[in-house]
Amino acid sequence: MSETLSGRVAELGYTLPDPSSPAANYVPWVRSGNLIFISGQVPQKDGQCVYVGRLGDDVDVETGQKAAQLCALNILAHLSGAVNDDLSQVVRCVRLGGFVNAAPGFDKQPLVINGASDLMVEVLGDKGRHSRAAVGVSSLPRNAAVEVDAVFEVK
Amino acid sequence: MSETLSGRVAELGYTLPDPSSPAANYVPWVRSGNLIFISGQVPQKDGQCVYVGRLGDDVDVETGQKAAQLCALNILAHLSGAVNDDLSQVVRCVRLGGFVNAAPGFDKQPLVINGASDLMVEVLGDKGRHSRAAVGVSSLPRNAAVEVDAVFEVK
Amino acid sequence: MSETLSGRVAELGYTLPDPSSPAANYVPWVRSGNLIFISGQVPQKDGQCVYVGRLGDDVDVETGQKAAQLCALNILAHLSGAVNDDLSQVVRCVRLGGFVNAAPGFDKQPLVINGASDLMVEVLGDKGRHSRAAVGVSSLPRNAAVEVDAVFEVK
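Below: a short report on this structure. The structure presented is a predicted model; accordingly, all values stated were derived computationally and were not measured.

Residue and element names in this part refer to chain B. The strand order across the open sheet formed by five strands is 1-2-7-5-6, and the pairing between neighbours is mixed. Every interior strand has two partners, whereas the edge strands, strand 1 (29-32) and strand 6 (131-137), have only one. Taken pair by pair, the neighbouring strands of this sheet meet at an average axis angle of 15 degrees, ignoring direction. Examined bridge by bridge, strand 2 (residues 35-41) and strand 7 (residues 146-154) share five bridges and lie antiparallel to one another.

A word on the interface of chain A and chain B. Each partner contributes to the interface: chain A provides 28 residues, whereas chain B provides 25 residues. In total, about 2000 Å² of surface goes out of reach between chain A and chain B, with carbon and sulfur atoms giving 55% of it. On the chain A side of the contact with chain B, Arg129(A), Arg132(A) and Val135(A) bury the most area, a combined 21% of that side's loss. Between the two partners, chain A and chain B, sit one salt bridge.

For the rest of this paragraph, the subject is empty space enclosed by the protein. All names here are of chain C. Evaluated as defined, the whole model comprises one cavity of 30 Å³ or more. In this structure, the largest cavity encloses a volume near 420 Å³. If you tally residues by element for the lining of the largest cavity, the top one is strand 5 (residues 90-101), at four residues. In terms of residue class, the lining of the largest cavity is made up of 19 nonpolar, five polar and six charged.

With that settled, consider the pattern of salt bridges. Oppositely charged side chains can form a pair if their charged atoms are brought close together. Residues and elements named next belong to chain B. Applying the stated criterion across every chain yields a total of 12 salt bridges over all chains. A salt bridge links Asp57 to Arg54, with the shortest nitrogen-to-oxygen separation between them at 3.6 Å. Asp107 is paired through a salt bridge with Lys108; the nearest N and O atoms lie 2.9 Å apart. Under the relative-accessibility criterion, Asp107 is labelled partly exposed at 28%. According to the relative accessible area criterion, Lys108 is partly exposed, its value standing at 36%.

Looking now at the environment of Ala82(B). Residues and elements named next belong to chain B. Along the chain, the position of Ala82 falls in helix 2 (residues 61-82). For Ala82, a relative accessible area of 18% puts it in the buried group. Along the backbone, Ala82 and Phe37 are 45 residues apart, and their C-alpha atoms lie at a distance of 10.0 Å. Contact partners of Ala82, with chain neighbours within four places excluded, come to Trp29 and Ile36.

Rules behind the numbers
- Residues numbered from 1 in each chain as written.
- Chains lettered and ligands numbered in written order.
- Predicted model: local features only at pLDDT ≥ 70, side-chain atom pairs only at ≥ 80, totals over all residues.
- Heavy atoms only, no water.
- Pairing = 2+ DSSP bridges.
- Helix = DSSP H or I, 4+ residues; strand = E, 2+ residues; numbered from the N terminus.
- Axes fitted to C-alpha atoms, helices over the stretch in contact; angles between N-to-C directions.
- Contact = heavy atoms within 4.5 Å.
- Buried area = accessible area lost by both parts, 1.4 Å probe.
- Salt bridge = Lys/Arg side-chain N within 4 Å of Asp/Glu carboxyl O.
- 1 Å grid on protein atoms, 1.4 Å probe; cavity = no way out; pocket = protein on both sides within 12 Å on 5 of 7 lines; lining within 4 Å.
- Points joined across faces, edges and corners; volume = space filled by probe spheres on them.
- Nonpolar A, V, L, I, M, F, W, Y, C, P; charged D, E, K, R; others polar.
- Buried < 20%, exposed > 50% of the residue type's maximum accessible area, 1.4 Å probe, protein only.

Function-wise, these values are silent; they only describe arrangement.
What follows is the structure in structure tokens.
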């Protein structure tokens, strides 16, 4: 395994997006003790929200999974910043919170959020196995299809 | 009080469900330091989601409370696994996150989630008194009426 | 800066609401280690939920921001109780969870929740800079326009 988080992601054929800068009075991540709390990420790349719309309506599950994966890559981009890209500092992914922009009656939130969960395990191995909650919400910032936030434990 | 969590639950006339195994790359709970993060639980028993539908639509508040109680029993089943069923290891319930599958305008989320909150206090006494958030969501996995996640402090 | 949290808030021209007492088996805040978990707050003053309704429908963004600010003041009222109003005990705001009562397609959750984020930084300075998630939900307790919960680190 690569010793850097960005290197590990690259080995797998992915690219960490440029970390977004929140245009507001909040920050991408906060460290408290050994926990890193990462702000909710939408599926953003080069400043654009790539996946928009609503599951159970105009977005299908496979597209939702890609959206969740891109949220997870944005999470890892911020985690990389939090640990100076040093993969050895990452103890584990503690929790993912998955919010799916979803129509009433949509029931495949777990499948959608697997797009983020699978990436965590692909990148971090057993350290990527996390607790999570997946729910359907009525709307999301920038009309994103998915938003994911995270808590990590670090050394 | 019984010394085991399952025993304590049984004393009160409830039964811990068989803990669900997530069919994905996440786990029912993660320990970080003295905190246990428990994944969002739907009102599941014997592999079936028992309470489905939407509050403010086809599910009434009383049924929603039963759903929340069953979510809480599933949470305790996983907590039991996390502490080897040793009740003395449980310091307290720190937080419940209550997600109610709810129609626009529904405003009784607190009453619904009390089904989970009351069970925590019934089982754990003062250690069961927690912080919480209760919100209405547009849809939930398996069309569950309620989903609840949790954070506990343990020894 | 004032040495009390209530004094600091008053210096800025705001007033901490009387802290609400949850009418249920949960509590306004729980301390675990150095973290304070604060229950979800609606925009309440003198026992009334002041801002009700749905963004993208009958509530505009500016009103939503005022609602989020009032949620944040309620959060600070409980934080004040948790630290005996001693501002020096507050290490930082770790996380805000922002839930906006929002119609499908509404995409300005970040602007709305800035009403809470800006207040945190106004009151706490750099210690107020937090991670956050902002999502749109289908409904909220008491038909509130916004609900916000929080995690703080204290000494």
